[in-house]
Amino acid sequence: MDPVDIAENLEELSKEDVAIWIKLLKKDLLADAFSLLPRDKKIEMIGSLSEDRIMSLMKELEEDEVVDTLQELPANMVRKLMYQ
């Protein structure tokens, strides 16, 4: 599957199913799909990930996508990410 298809599927899935997909997808493919998700789904995903998985995901994102994602997240999540 390509990242667009994965992002579309992630938007439709429950939190539990998203958690399964996150564990099964390769890091780079997950990062590409993550960058295509709407703000609310990104927040939901980050809220459900462990700190290690969040950092791993952020490392896989392109620099401009990291900036865009940080701008979309609530301030408390950004602080949590920045101090890890």
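Cut-offs applied
Residues numbered from 1 in each chain as written. Predicted model: local features only at pLDDT ≥ 70, side-chain atom pairs only at ≥ 80, totals over all residues. Heavy atoms only, no water. Salt bridge = Lys/Arg side-chain N within 4 Å of Asp/Glu carboxyl O. Helix = DSSP H or I, 4+ residues; strand = E, 2+ residues; numbered from the N terminus. Buried < 20%, exposed > 50% of the residue type's maximum accessible area, 1.4 Å probe, protein only.

Under an unreviewed UniProt entry, the name given to the chain is Magnesium transporter, and the organism recorded is Peptoniphilus harei.

Participant: How should I be thinking about the pattern of salt bridges in this particular structure?
Facilitator: Under the defined criterion, the tally for this structure stands at three salt bridges. One salt bridge connects Lys42 with Glu65, and the closest N-O pair in it is separated by 2.9 Å. Here Glu65 lies in helix 6 (residues 63-72) and Lys42 lies in helix 4 (residues 39-48), a separation of 23 residues in the sequence. Of the two residues examined, Lys42 and Glu65, each falls in the buried class. With its nearest N and O atoms 3.0 Å apart, the salt bridge here joins Glu72 to Lys42. Placement of Glu72 in helix 6 and of Lys42 in helix 4 is noted, with a sequence separation of 30 residues between them. Take Glu72: its relative accessible area is 26%, and that puts it in the partly exposed class. Connected via shared salt-bridge partners are Lys42, Glu65 and Glu72.

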